[in-house]
Amino acid sequence: MSADRLLLHDVTVQEGRGRASLPARSVLLAGDRVEAVVPAAEAPAEGDFRRWNLAGATVMPGMTLGHTHIAYVNVTNGRETLFKYRVPEVALHAARHAADLLARGYTAFVGAGSVAGIDMALKNTIEAGVIPGPRVTPCSRDLMVSGPPDRRSPELKKRMPRELMPVVDVLGDLVKYTEEEIDEGAEIIKVFSSGDDTFPNARSEELLFSREELSQVVRTAHGRGARVRAHSRGLDGIRNALAAGVDVIDHATYADDEALETIAERGVFVVPSLFQPDRLLALGEKFGKAPDYLESLDFRKEIENTLRFLPMAEKLGLKIVPGDDFGFAWTPHGTYADELVMYVERAGIAPETVLKWACAHGAELAGRGRDAGEVAPGRLADLVVWDRDPAADLRVLQDRGALRSVLIGGRHVAGPLAPPAG
């Protein structure tokens, strides 16, 4: 009996491709890969493999969280994202969040702004086997400017520690800091083409980086083999980000039909924002946000437009990946499945489509588009076993007791049920 080959027998297979699940299948693993997916009735009864009888459980690809602030710890404002805890404490929280992602069915995350470079440190320590966690596509620190192009303030750069978040009002600094982040291990660079109604330096409809600044970052990053993701809520910011050639549009909340068509044509990823603004409006008062402040936000309009464009975006074939701003007090780490369910219940997206976003699209965003994200021969055996089929009812993902096992590269890393020993 080979310790390297494992047969997951009599399972429902959710492939992660946006299609209905396949009942009565068996999945054969060889080392860290899927070797075959066959009807259960055709699976060999014995052979050079370990047989894992799963009696109708569902096997699907591990999900990827596409927009991850792994070091945010129940923050309530921008200052707390950087200064709520000292860096050593934040690092310990980040390690806990990474391990918990496994227990939620996520086998990968893509960073979206790394406080003090913690993404890069996590990737190294997880790969070294020091701590448990998913595969990590590390992001740079947020590269931020002090304000819109006509409202820059040199005082902010003086006050902001470069180690936490560089302020890059000078074009030359953009090149320097982009290079330094990549040298440290960043595989994706975070910039801001627009503001945000919750930011102190610019609202959602205002520009932050100029088009020239965005283009400079893109040229520098692409020249080093790294990608660029842009916080882009306002329409002008979205247009500038697309013109500059970014790889990921984060939020896209004011995208119009023309912008969506451009995004589709260019194969740019979109990580939408529905859950975070919805939860802020619903729960903000509980965490000290005054009713007048919440009313001053234009998040209701952003939510309305996101609900409008998501079905159209799917029809256009956009590469949508879930992952909202988790780590705020109203969107704590661990509530990732609530976002996925919201796409079904509020936007009318089919469960199997949402799973495609989180699995196949997520793996592509993470840089493993041809290597993971689907249950198919040759793909990495990054798999999750659930006791019920999430494609039949996505709320299964909200039930922690429904997760039975998590495999990364065919190796059991989380969940109460482990494969039989070799």
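Colleague: I would appreciate a short explanation of the overall build of the protein in the present structure.
Modeller: A count of helices and strands for the protein gives 13 helices and 17 strands. With respect to the principal axes defined by its C-alpha atoms, the protein has extents near 70 × 40 × 40 Å. Considering only contacts in the protein between residues 6 or more positions apart, those separated by 24 or more positions represent 68%. Here the protein displays about 16100 Å² of accessible surface, and carbon together with sulfur accounts for 49% of that area.

Colleague: Help me understand the sheet that holds strand E8 (residues 135-137), please; the structure alone is not making it clear to me.
Modeller: Backbone hydrogen bonds hold the strands of a sheet together, and the pairing may be parallel or antiparallel. In space, the three strands of this open sheet follow the order E6-E7-E8, with parallel pairing throughout. Of all the strands in the sheet, just strand E6 (63-68) and E8 have a single pairing partner and so form its edges. The average undirected angle you get between the axes of adjacent strands in this sheet is 20°. Inspection of the sheet shows E6 paired to strand E7 (residues 106-111) by four bridges, in the parallel sense. Within E7, the position partnered with Met 63 by the bridge is Tyr 106.

Colleague: Help me out: how do you make sense of the pattern of salt bridges in this one?
Modeller: Working definition: two side chains of opposite charge can pair if their charged atoms are close together. Applying the stated criterion across every chain, the model contains 42 salt bridges. The salt bridge involving Glu 187 is made with Lys 123; its shortest N-O contact spans 3.5 Å. Taken together, the positions of Glu 187 in the loop between helix H5 (171-184) and strand E10 (188-192) and Lys 123 in helix H3 (residues 118-127) put the pair 64 residues apart, joining distant regions of the chain. Taking the shortest distance from any N to any O, the salt bridge between Arg 308 and Asp 257 comes out at 2.8 Å. Of the two residues, Arg 308 is situated in helix H11 (residues 299-316) and Asp 257 in helix H8 (residues 257-266); the sequence distance between them amounts to 51 residues. Overlapping salt bridges, with partners in common, bring together Arg 141, Arg 162, Glu 163, Lys 176, Glu 180, Glu 181 and Glu 184 in one network.

Colleague: Would you mind going over the packing of helix H9 (residues 275-283) against helix H12 (residues 336-345) with me for this structure?
Modeller: Two quantities define a packed helix pair, namely the angle between the helix axes and the distance between the axes. It is at 10 Å that the axes of H9 and H12 come closest, and there the two elements cross at 100°. Put simply, H9 runs roughly perpendicular to H12. Contacts between H9 and H12 pair Phe 275, Asp 278 and Arg 279 from the former with Asp 338, Glu 339 and Met 342 from the latter. In terms of residue class, the contact of H9 with H12 is made up of two nonpolar, no polar and four charged.

Colleague: Would you mind going over the packing of helix H6 (residues 211-223) against helix H7 (residues 235-244) with me for this structure?
Modeller: At their nearest, the axes of H6 and H7 sit 8 Å apart, and the two run at 40° to each other. Regarding the angle of H6 to H7, the classification is oblique. In this structure, the crossing between H6 and H7 has a hand that is right-handed. Contacts from Arg 211, Leu 214, Ser 215 and Val 218 in H6 reach Asn 240, Ala 241, Ala 243 and Ala 244 in H7. For the contact of H6 with H7, a count of residues per class yields five nonpolar, two polar and one charged.

Colleague: Could you clarify how one ought to interpret the packing of aromatic side chains in this entry?
Modeller: Any two aromatic rings considered together are summarised by their centre-to-centre distance and by the angle between their planes. With the rule as written, the count across this model stands at eight aromatic pairs. Three or more aromatic residues joined by ring pairs make a cluster, and in this case those are Tyr 72, Phe 287, Phe 328 and Trp 330. The ring of Phe 269 has Lys 319 lying over it, and the distance from NZ or CZ to the ring centre is 4.3 Å.

Colleague: For this particular structure, what's the right way to read H5?
Modeller: If you check H5, its first and last C-alpha atoms are 20 Å apart, about what 14 residues at 1.5 Å a residue would give, namely 20 Å. Against the buried residues of H5 lie H3, strand E9 (139-142), helix H4 (154-159), E10 and H6. Just downstream of H5 lies Gly 185, where phi reads positive at about 125°.

Colleague: Before we go on, may I ask you to explain the nonpolar core in this structure?
Modeller: Nonpolar side chains in soluble globular proteins generally cluster together in the buried interior. The biggest cluster of nonpolar side chains holds 102 residues, and the ones touching the most others in it are Ile 189, Val 191 and Phe 209. Contact partners of Phe 209, with chain neighbours within four places excluded, come to Leu 143, Met 144, Val 145, Arg 152, Val 168, Leu 174, Val 191, Phe 192, Ser 193, Leu 214 and Val 217. Judged by nonpolar contacts, the second largest core, of 16 residues, contains Leu 54, Val 59, Val 375 and Leu 407.

Colleague: Just checking my understanding: could you explain the sheet that holds strand E11 (residues 227-232) for this structure?
Modeller: The parallel open sheet is built from six strands, whose spatial order is E9-E10-E11-E12-E13-E14. Edge strands, defined here as strands with exactly one partner in the open sheet, are E9 and strand E14 (319-320). Direction of pairing for E10 relative to E11: parallel, over a ladder of five bridges. Bridge pairing in E11 places Lys 190 opposite Arg 229.

Colleague: Looking at this structure, I do not really get the side chain of His 251. What am I missing?
Modeller: Mapped onto the secondary structure, His 251 falls in strand E12 (residues 248-251). The exposure class of His 251 is buried, given its relative accessible area of 1%. Within polar-contact distance, the side chain of His 251 engages the side chain of His 231 at 3.3 Å. With near-sequence residues (within four places) excluded, His 251 lies in contact with His 67, His 231, Ser 232, Arg 233, Val 271, Pro 272, Ser 273, Phe 309, Asp 324 and Asp 325.

Colleague: What is the right way to look at the environment of Ala 255 in this model?
Modeller: Summarising the element assignment, Ala 255 is placed in the loop between E12 and H8. Residue classification places Ala 255 among the buried residues on the basis of a relative accessible area of 1%. Each C-alpha atom, one on Ala 255 and one on Leu 235, is 5.6 Å from the other, the two residues being 20 residues apart in sequence.

Colleague: Mind showing me how you'd approach unusual backbone geometry here?
Modeller: Glycine aside, the phi torsion of most residues is negative, and most peptide linkages are trans. Despite not being glycine, Asp 10 has its phi angle at roughly 60°, a positive value. Structurally, the position occupied by Asp 10 is in strand E1 (residues 5-13). Of the residues examined, Asp 10 reaches a relative accessible area of 33% and is grouped as partly exposed. Here the phi dihedral of Ala 55 falls at roughly 45°; this positive angle occurs in a residue that is not glycine. Following the sequence through the fold, Ala 55 ends up in the loop between strand E4 (50-53) and strand E5 (58-61).

How each quantity is defined
- Residues numbered from 1 in each chain as written.
- Predicted model: local features only at pLDDT ≥ 70, side-chain atom pairs only at ≥ 80, totals over all residues.
- Heavy atoms only, no water.
- Helix = DSSP H or I, 4+ residues; strand = E, 2+ residues; numbered from the N terminus.
- Contact = heavy atoms within 4.5 Å.
- Areas by Shrake-Rupley, 256 points an atom, 1.4 Å probe, with all protein chains shown as cover.
- Pairing = 2+ DSSP bridges.
- Axes fitted to C-alpha atoms, helices over the stretch in contact; angles between N-to-C directions.
- Salt bridge = Lys/Arg side-chain N within 4 Å of Asp/Glu carboxyl O.
- Parallel < 35°, antiparallel > 145°, perpendicular 65-115°, else oblique.
- Nonpolar A, V, L, I, M, F, W, Y, C, P; charged D, E, K, R; others polar.
- Left-handed = near helix turned anticlockwise from the far one by under 90°.
- Phe/Tyr/Trp six-rings, centres within 6.5 Å; stacked < 30°, edge-to-face > 60°.
- Lys NZ or Arg CZ within 6 Å of the ring centre and 35° of its normal.
- Expected span 1.5 Å × (residues − 1).
- Core = buried A, V, L, I, M, F, W, Y, C linked by side-chain atoms within 4.5 Å.
- Buried < 20%, exposed > 50% of the residue type's maximum accessible area, 1.4 Å probe, protein only.
- Polar contact = N/O pair within 3.5 Å; in protein donor to acceptor, adjacent residues only side chain to side chain.

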